[in-house]
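Examining the three-dimensional arrangement
So the chains spell out like this:
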Amino acid sequence: MPKYIFVTGGVVSSVGKGITVASMGTILKSRELSVSVQKLDPYLNVDPGTMSPYQHGEVFVTQDGAETDLDLGNYERFINTELTADSNVTSGQIYSAVIAKERRGDFLGGTIQVVPHVTTEIKDRFKRLAQRSKAEVILIEVGGTVGDIEGQPFLEAIRQMRNDIGRDNVLYVHVTLLPYLHSTQELKTKPTQHSVNELRRIGIQPDIIICRSDFPIPESIRDKISLFCDVERQAVIPLPTVSSIYEIPLILEEAGLGQLIVDKLGLRKAKKADLSQWRELVERLKTPREPVNIALVGKYVELSDSYFSVREALCHAALYHDRELNLIWVHSEDLEKDGTDSLLRSAQGIIVPGGFGIRGIEGMVKAANYARTNEIPYLGLCLGMQVMVIEFARHVLKSPKPNSTEFDPNTPYPVIDLLPEQKKVKAKGGTMRLGNYPCQLLPGSRAAKAYGQSLVYERHRHRFEFNNEFRDTLEKAGLVYSGLSPDGRLVEICELANHPWMVSCQFHPEFGSRPSRPHPLFRDFIGAAKEVLREGAQPPLPLAAEK
Ligand code: GLN
């Protein structure tokens, strides 16, 4: 029987609950315990795949093709594991399943209610993950903040679990924020007391409280939270803001959280924690390194969470080369208005990540043109590959018209077109080409050199692809198809022959990068970028998000 740890959030959203859960996974795994994780999202969408990145941030794709919350990316990176669709549960999925059962007649004669029907469906998802993952510890993060209307059924379900499977098998952890008042120069505990009261009102008494704060937390504050929230003092864990998210497992471990969980859940199989590799990683991260300037050209740059995994993958690759990632956020619409040189002149490498819709496309094409003509290393991810092909085709065919039919359905040169299997698809949710597909690499290519393998599996999320009608023309002009589907039908990776490093892929390698194992394409992209010296390099532009 696995043990369950349920993590709720108090006071405000975005306190870093996802990273905290991921870090708890790291410290448990460091004791040789097997861990799996699940995120409960209270919204009514079936998955975040249909949401704008501005609403939701990045959509993380699992290898089995689920479109999920970006926290799953943090879980995978921190626990170094590969999760499945079982790890993200939304209210939309729960209600759809309950209603489908009702229509089928599973509850004939009954009135369908939140308790017990919805809560039972939720608990079945916990058990399904436990059975399929066979993990010893299941970490479950309840999205949103305690008190949200739509989160109530999830809280009720986690409350019932303690009765269902016994006190010793369930732990409740509450992650909260201690706001700082500048006028009186103190951290305040009242919002935490209120959110714990809210939890108790529905029958959940937290066992552990993790206190996020931008300032050091004095002992007197811990005492106060312990007293008012009825949690042992050693179970009030301070978590001050740090410069790197990868430090958090170390901070939680030093605060005694790992041992506390082991004791409270009676995890007798737990070994002594070994975080030496993690510690080494953090030490390297904190050592000052020479910068490498990378321009990220996208249209969602106002919200850096839209590119969470891309940013992390770049960090991992920069660390591999002992460089500090200096990310220059470039809004692709700004590139349409302003000259490329003013925005890209300090970039040693240019990355164009995924995206949907026509807005900002021409700016991305300009960025690809700038990279090609100035011999700046370029990495295109999904849309970034399509943009590279469009730009190259315009150059080769000496016409401004080559395009993707996503942006110009009537283009005479549809170099990017719908996948044949997508032509009949009308519904938007979960209907893209999703998840892992094999890709055969061309021997001697930059891609094959990066991977050091001939067959790789990578995660996809797209409807459009390279149009084979243009394969020969573009190949003759120097486009190399360095990755193909094993049947040769789909172009998965392409690169330019006469360029130092211009490589693009139709998949999303960013999802597979780990802090201690950067993705090969990211690694070689940074490797090429760090060799580039920019004349008249400017100090990095301010973060778009901070403007
Ligand atoms: N919009 C493009 C497509 O659907 C690219 C998708 C992406 O970048 N994930 O093919």
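What counts and how
- Every chain's residues receive numbers from 1 upward, in the order its sequence appears when written.
- In keeping with the model being predicted, local features are shown solely for residues with a pLDDT of at least 70 and side-chain atom pairs are shown and tallied solely at 80 or more, while totals for entire chains, interfaces and linings include all residues.
- As a rule here, side-chain values come from all non-hydrogen atoms in the structure, and water together with hydrogens is ignored.
- Every residue is assigned a pLDDT by the predictor, reflecting its confidence on a scale from 0 to 100.
- Contact criterion: two residues are considered in contact whenever any of their non-hydrogen atoms come within 4.5 Å of each other.
- Classification of residues uses two cut-offs on accessible area relative to the type maximum, computed with a 1.4 Å probe and protein chains only: under 20% is buried, over 50% is exposed, and between them is partly exposed.
- Where helices and strands are cited, they refer to DSSP runs of H or I of at least four residues and of E of at least two residues respectively, numbered from the N terminus.
- Should DSSP find at least two bridges between two strands, the strands are taken to pair.
- Only protein atoms enter the calculation, which uses a 1 Å grid: trapped sets of points that fit a 1.4 Å probe without letting it out are cavities, open sets showing protein on both sides within 12 Å along at least five of seven lines are pockets, and any residue with an atom within 4 Å of a point is a lining residue.
- Grid points are joined across faces, edges and corners, and a volume is the space filled by probe spheres set on the points.
- In this scheme, a helix's expected span is set at 1.5 Å multiplied by one less than its residue total.
- Salt bridges are defined as contacts in which a side-chain nitrogen from Lys or Arg sits within 4 Å of a carboxyl oxygen from Asp or Glu.
- Residues are labelled near a given molecule or strand when at least one of their non-hydrogen atoms is within 4 Å of it.
- Between N or O atoms, a polar contact is any pair within 3.5 Å; within protein, one atom must be a potential hydrogen donor and the other a potential acceptor, and residues adjacent in sequence are included only when both atoms are from side chains.
- Calculation of accessible area relied on Shrake-Rupley with a 1.4 Å probe; when residues are assessed, cover is drawn exclusively from the protein chains displayed.
- Each residue receives one of three labels: charged for Asp, Glu, Lys and Arg, nonpolar for Ala, Val, Leu, Ile, Met, Phe, Trp, Tyr, Cys and Pro, and polar for the others, Gly being one of them.

1. Thoughts on the confidence of the model for the chain
When pLDDT is averaged along the chain, the result is 94, and 98% of the positions lie at 70 or above. A low-confidence stretch, residues 538-547 stays under pLDDT 50, and its non-local contacts, those more than four residues away or across chains, total 12 contacts.

2. Things to note about the pairing of strand β2 (residues 35-41)
The buried fraction of β2 is high, at seven of seven residues. Along β2, one buried face is formed by V35, V37, K39 and D41 and the opposite face, lined by S36, Q38 and L40, is buried too. Where β2 meets strand β6 (residues 137-142), six bridges bridge the pair, whose relative direction is parallel. Note that in β6 the partner of S36 across the bridge is I138. As paired strands, β2 and strand β5 (residues 88-90) are joined by three bridges and run parallel to one another. If you follow K39 over to β5, its bridge partner there is N88.

3. Re the layout of surface pockets
Taken as a whole, the second largest pocket encloses approximately 570 Å³ of empty space. Every element with two or more residues in the lining of the second largest pocket is listed here: α1 (17-29), α3 (71-79), α11 (276-286) and α12 (308-320). Here the lining of the second largest pocket takes six residues from α11, the largest share from any one element.

4. Here we look at the sheet that holds strand β16 (residues 403-404)
Strand order across the open sheet formed by three strands is β16-β17-β20, with mixed pairing between neighbours. The sheet terminates laterally at β16 and β20 (464-466), the two strands that pair on one side only. Pairing of β16 with strand β17 (residues 414-418), which is carried by two bridges, proceeds in the parallel orientation. Bridging across to β17, S404 finds its partner in I416.

5. Here we look at helix α15 (residues 361-374)
Since the α-helix turns once every 3.6 residues, residues separated by three or four places project in the same direction. The terminal C-alpha atoms of α15 lie 20 Å apart, and with 14 residues this matches the ideal 20 Å at 1.5 Å per residue to within 8%. Among the residues of α15, those classed as buried are I361, G363, M364, V365, A367, A368, Y370, A371 and R372. Just beyond α15, the residue with positive phi is E375, at close to 55 degrees.

6. Here we look at the pattern of salt bridges
Counted under the stated rule, the structure contains 40 salt bridges. Between R489 and D487 there is a salt bridge, and its shortest N-O distance comes to 3.8 Å. Salt bridges sharing common partners tie together K39, D41, D69 and D71.

7. Here we look at the site of the ligand
Near the ligand you find G354, G355, F356, C382, L383, Q386, E406, R461, H462, R463, F464 and H508, and these make up its full shell. One of the backbone nitrogen or oxygen atoms of G355 is found 3.0 Å away from an oxygen atom of the ligand. Here the ligand loses 99% of its free accessible area of 300 Å² to cover by the protein chains. Among the secondary structure elements, those contributing two or more residues to the shell around the ligand are α16 (383-396) and β19 (455-462). Along the lines of polarity and charge, the residues of the shell around the ligand split into four nonpolar, five polar and three charged.

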